[in-house]
Amino acid sequence: MLRRSPLKTMLVTILGTMLVTMLGSALPSSGFFGLIGVSQAAANTQQVAAAELVDTMMLDLEKLRATDTGDEIQRRERILNILDTYFDMDAVTRISVGQYWRVATDEEKTEYAELLREVLLRTILNNFDQLKGLVYTAGDINSLGKKFVVVSGVFSDTLGDRPNVRVNWRAV
């Protein structure tokens, strides 16, 4: 019988949930929190910085979509650049594993981080064409304690094929 470490079991569970969510709508479900880095500052400054960061990310995504040539290697590199620029993948990795992170070996942590990154990338690449016609509209900005800011928004389908999807980006 194949023995799976708790970390790999958690990976399968998390990735299965993510794939169902992403493939179902090609967007994060309502309540999804992407971790985005923002420097520490006063609450208003944090809110402004968080909103600007999300706006810049959306502009970069729109530019990527508008200038995409269909070259899969180039698309992969550009998406990796967005993930590296706007998402704290180390934090996403740790949080997605939860309590299992503490008991995982360094080798398991490294393997999980690489697998999660690759699955996220492949999911985005496989659904990239479904982003056609989507428009992001910024919404509310709320502080969550002293450390986090939540920037809300809505993805709307200008083609009318899909319902609107609310998203929340947690900036730290």
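If you're wondering where the values come from, they're calculated on a predicted model, not measured in any experiment.

### Regarding the packing of helix H3 (residues 72-86) against helix H6 (residues 106-127)
Running from N to C, H3 and H6 cross one another at 125 degrees; their axes reach a closest spacing of 10 Å. The angle between H3 and H6 falls in the class oblique. Like other packed secondary-structure pairs, H3 and H6 cross with a definite hand, here right-handed. Contact residues: Arg75, Arg76, Ile79, Leu80, Leu83 and Asp84 in H3; Arg117, Glu118, Leu121, Ile124 and Leu125 in H6.

### Here we look at the nonpolar core
Ranked by internal contacts, the top residues of the largest apolar core, which has 27 residues, are Met58, Phe87, Tyr136, Val151 and Trp169. When contributions to this core are tallied by element, the ones reaching two or more residues are helix H2 (43-67), H3, helix H4 (89-97), H6, strand S3 (148-157) and strand S4 (165-171).

### Comments concerning H3
Residue pairs spaced three or four apart in an α-helix point in one direction, given the helix's 3.6 residues per turn. With 15 residues, H3 should cover 21 Å at 1.5 Å per step; its first-to-last C-alpha distance of 21 Å lies within 8% of that length. Looking only at H3, the buried set comprises Arg75, Ile79, Leu80, Ile82, Leu83 and Tyr86. Taken end-on, H3 shows its buried residues confined to a sector of 160 degrees, consistent with a single buried face. Between the side-chain oxygen at the start of H3 and the backbone nitrogen of isoleucine 73 there is a gap of 2.9 Å, and the oxygen is on aspartate 71.

### Concerning the packing of aromatic side chains
Counted according to the given criterion, the structure contains 2 aromatic pairs. The ring centre of phenylalanine 148 lies 4.4 Å from the NZ or CZ of arginine 170, which sits over that ring.

### Points about the side chain of threonine 93
Structurally, the position occupied by threonine 93 is in helix H4. When residues no more than four places from it in sequence are discounted, the contact partners of threonine 93 are Trp101, Tyr112, Ala113 and Leu116.

### Some words on the pairing of strand S2 (residues 134-144)
The sheet contact formed by S2 and S3 spans 9 bridges and is antiparallel. For valine 135, the partnering residue across the bridge sits in S3 and is serine 156. Counted along the chain from S2 to the antiparallel partner S3, the turn is 3 residues long, and its residue glycine 145 has a positive phi close to 75 degrees.

### Focus: the packing of H4 against H6
At their nearest, the axes of H4 and H6 sit 10 Å apart, and the two run at 105 degrees to each other. Considering their axes alone, H4 and H6 lie roughly perpendicular with respect to each other. Along the contact surface, H4 presents Met89, Val92, Thr93, Ser96 and Val97, while H6 presents Tyr112, Ala113, Leu116, Arg117 and Leu120. Split by residue class, the contact of H4 with H6 holds 7 nonpolar, 2 polar and 1 charged.

### A few points about the confidence of the model for the chain
On average, residues of the chain score 79 in pLDDT, and 75% of them are at 70 or above. Ignoring residues within four places in sequence, the model shows residues 1-41, a span with pLDDT below 50, making 89 contacts including any to other chains.

### Some thoughts on H6
Given a rise of 1.5 Å per residue, 22 residues ought to cover 32 Å, and the 32 Å separating the end C-alpha atoms of H6 matches this to within 8%. Considered for burial, the residues of H6 that qualify are Tyr112, Leu116, Leu120, Leu121, Thr123 and Asn127. Across the axial projection of H6, the buried residues extend over an arc of 160 degrees, all falling on one side. Set apart from the buried face of H6 by more than 90 degrees, the exposed residues are Asp106, Glu107, Glu114, Arg122 and Asn126.

Procedures and definitions
Residues numbered from 1 in each chain as written. Predicted model: local features only at pLDDT ≥ 70, side-chain atom pairs only at ≥ 80, totals over all residues. Heavy atoms only, no water. Axes fitted to C-alpha atoms, helices over the stretch in contact; angles between N-to-C directions. Helix = DSSP H or I, 4+ residues; strand = E, 2+ residues; numbered from the N terminus. Parallel < 35°, antiparallel > 145°, perpendicular 65-115°, else oblique. Left-handed = near helix turned anticlockwise from the far one by under 90°. Contact = heavy atoms within 4.5 Å. Core = buried A, V, L, I, M, F, W, Y, C linked by side-chain atoms within 4.5 Å. Buried < 20%, exposed > 50% of the residue type's maximum accessible area, 1.4 Å probe, protein only. Expected span 1.5 Å × (residues − 1). Arc of directions from axis to C-beta. Polar contact = N/O pair within 3.5 Å; in protein donor to acceptor, adjacent residues only side chain to side chain. Phe/Tyr/Trp six-rings, centres within 6.5 Å; stacked < 30°, edge-to-face > 60°. Lys NZ or Arg CZ within 6 Å of the ring centre and 35° of its normal. Pairing = 2+ DSSP bridges. Nonpolar A, V, L, I, M, F, W, Y, C, P; charged D, E, K, R; others polar. pLDDT = per-residue confidence, 0-100.

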